[in-house]
Amino acid sequence: MQNLRFTDTNAADDSGGSVWGLDGNLFMPVVASAALSIGVVMILFAMFHVYWLTSFVIGAVPFGGTLGYVLIFKQGKPPGYDRDLFDLWTTGRGFSPVASNQDSFRRPK
């Protein structure tokens, strides 16, 4: 038994955990936008005397936008997916080693 060697391995699951069904720290921007939405509703309703339904609709915009962004572009996607997709939409090509002036489908002669 004394000849046994113990070696540390990385056999554990490297999960970032989940909160409210959101992977890793994705819940933090959702919580921050919820707090911002509550603040907007309170300011509109209490200070500016905006009708309560209008206040809730306007106040729901930051929370709904953030939650939608997280669920569509972040949840269950690889890291950098949202940035790569934005780059694809703006420049017309994603991340690749092919130069922008080359055609990736044409074979060299």
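As shown above, the structure is provided for reference.
I will try to describe carefully the structure that is included in this document. (Residues numbered from 1 in each chain as written. Predicted model: local features only at pLDDT ≥ 70, side-chain atom pairs only at ≥ 80, totals over all residues. Heavy atoms only, no water.)

**What about the overall build of the chain?**
Of regular secondary structure, the chain possesses 3 helices and 2 strands. N-terminal to C-terminal, the α/β element order of the chain is β-β-α-α-α. Scored against the burial criterion, the 109 residues of the chain give a buried share of 13%. Sequence separation of at least 24 residues holds for 39% of the intrachain contacts in the chain that already meet a minimum separation of 6. When the accessible area of the chain is evaluated, it comes to approximately 9,300 Å², of which 64% is carbon and sulfur surface. (Helix = DSSP H or I, 4+ residues; strand = E, 2+ residues; numbered from the N terminus. Buried < 20%, exposed > 50% of the residue type's maximum accessible area, 1.4 Å probe, protein only. Contact = heavy atoms within 4.5 Å. Areas by Shrake-Rupley, 256 points an atom, 1.4 Å probe, with all protein chains shown as cover.)

**Re helix α2 (residues 52-74)**
Helix length check: α2, at 23 residues, gives a terminal C-alpha distance of 32 Å against a target of 33 Å (1.5 Å per residue), a fit within 8%. Considering bend angle alone, the principal kink of α2 is centred on V61 and spans about 35°; proline P62 follows within four residues of it. Those residues of α2 not exposed but buried are S55, G59 and V70. Along its buried surface, α2 packs onto β2 (22-23) and α1 (27-47). G76, located one to two residues past α2, shows a positive phi value of around 75°. (Expected span 1.5 Å × (residues − 1). Bend = angle between axes of the 7 residues up to and from the residue.)

**Here's the deal with the pattern of salt bridges**
Per the counting criterion, the structure on display carries 1 salt bridge. As a salt-bridge pair, D82 and K74 come within 3.4 Å of each other at their nearest N and O atoms. Given the relative accessible area of 9%, D82 is considered buried. (Salt bridge = Lys/Arg side-chain N within 4 Å of Asp/Glu carboxyl O.)

**Some thoughts on the packing of aromatic side chains**
Under the defined criterion, the tally for this structure stands at 5 aromatic pairs. Centroid distance W20 to F27: 6.0 Å. Interplanar angle 85°. Geometry classified as edge-to-face. By relative accessible area, W20 is classed as exposed at 68%. Look at Y69 and F73: their rings are 5.5 Å apart centre to centre, the planes differ by 50°, and that puts the pair in the tilted class. Here Y69 and its partner F73 are both found in helix α2, 4 residues apart, which amounts to about one turn of the helix. For Y69, a relative accessible area of 37% gives the class partly exposed. By the ring-pair criterion, three or more aromatic residues cluster together here, those being Y51, W52 and F56. Over the face of the ring belonging to Y81 we find K77, whose NZ or CZ atom lies 5.7 Å from the ring centre. (Phe/Tyr/Trp six-rings, centres within 6.5 Å; stacked < 30°, edge-to-face > 60°. Lys NZ or Arg CZ within 6 Å of the ring centre and 35° of its normal.)

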